[in-house]
Amino acid sequence: HQPHASCLLPGGKRERKELTGDTMERLLDTKLSFLKGILDVERTESQVEFARSLKYGLPTKYMRAVYFATLQENFQALSCTVADPFTAPVVNTLDSATVSRRSSRRQSF
C-alpha cells in the first residue's frame, strides 16, 4: 500500500425531499465548488447513530451518507514559494488525495 493524503470536508443537511446525491451536488455547487469536476466518487457509505439531541434531549436517530472520492489524476494543487526559505517550507504539488464527504439527516423517534 502506498501512503495517501486524506481529509474530512464539511458536510450539510439534506433539504426536505432531497436525495442524498442531490445534497452532494448542492454542496459541490456551493461550499465545495473548488472541487467540482475534479472528484471521482468511489463509494458511498450509510451510517446510523443513536444519541440524545443536544437541543431537546430526546433520543434521536442520526443518519449520515459518507462519500469517499479521489481527486482526478490530472489535478494539480497550487504551489507557492516562500519569500525566506529558511523560515518556512515550500508547499509541494499534490498528485492525488482521498477526500471524505458527509451529508447528514436527523430524524427523531
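Residues numbered from 1 in each chain as written. Predicted model: local features only at pLDDT ≥ 70, side-chain atom pairs only at ≥ 80, totals over all residues. Heavy atoms only, no water.

Draft legend 1. Examining the pattern of salt bridges more closely. Applying the stated criterion across every chain, the model contains five salt bridges. Its salt-bridge partner being Glu 15, residue Arg 26 comes within 3.6 Å of it at the nearest N-O pair. Within this pair, whereas Arg 26 is found in helix α1 (residues 20-29), its partner Glu 15 is found in the loop between β2 (12-13) and α1, the two being separated by 11 residues in sequence. Assessed through its relative accessible area of 24%, Arg 26 is described here as partly exposed. Here the salt bridges share partners, and the residues they tie into one network are Glu 15, Glu 18 and Arg 26. (Salt bridge = Lys/Arg side-chain N within 4 Å of Asp/Glu carboxyl O. Helix = DSSP H or I, 4+ residues; strand = E, 2+ residues; numbered from the N terminus. Buried < 20%, exposed > 50% of the residue type's maximum accessible area, 1.4 Å probe, protein only.)

Draft legend 2. The arrangement of the environment of Leu 28 in detail. Within the secondary structure, Leu 28 is located in helix α1. Judged by relative accessible area, Leu 28 falls into the buried class, the value being 10%. Spatially, the C-alpha atoms of Leu 28 and Leu 39 are 9.9 Å apart, while their sequence positions differ by 11 residues. Residues within four places of Leu 28 in sequence aside, it is in contact with Ser 33, Leu 35, Lys 36 and Leu 39. (Contact = heavy atoms within 4.5 Å.)

Draft legend 3. Expanded view of the confidence of the model for the protein. Per-residue confidence for the protein gives a mean pLDDT of 76; residues scoring 70 or more make up 71%. Strand β3 (residues 39-52) holds the highest mean pLDDT among the elements of the protein, 92, whereas strand β5 (residues 97-108) holds the lowest, 39. (pLDDT = per-residue confidence, 0-100.)

Draft legend 4. Layout of the pairing of β3. Bridge count between β3 and strand β4 (residues 59-71): 13 bridges; the pairing is antiparallel. Within β4, the position partnered with Val 48 by the bridge is Met 63. The antiparallel pairing of β3 with β4 creates a hairpin that spans six residues between the two strands, and Gly 57 there sits at a positive phi of about 70°. (Pairing = 2+ DSSP bridges.)

Draft legend 5. Looking closely at the side chain of Glu 18. Take Glu 18: it is sitting in the loop between β2 and α1. There is a polar contact of 2.9 Å between the side chain of Glu 18 and the side chain of Thr 23. Discounting chain neighbours no more than four positions away, the residues touching Glu 18 are Lys 13, Thr 23 and Arg 26. (Polar contact = N/O pair within 3.5 Å; in protein donor to acceptor, adjacent residues only side chain to side chain.)

Draft legend 6. Quick look at the packing of aromatic side chains. Overall, the coordinates contain zero aromatic pairs when judged by the stated rule. It is Arg 43 that lies over the ring of Phe 68; its NZ or CZ is 3.8 Å from the centre. (Phe/Tyr/Trp six-rings, centres within 6.5 Å; stacked < 30°, edge-to-face > 60°. Lys NZ or Arg CZ within 6 Å of the ring centre and 35° of its normal.)

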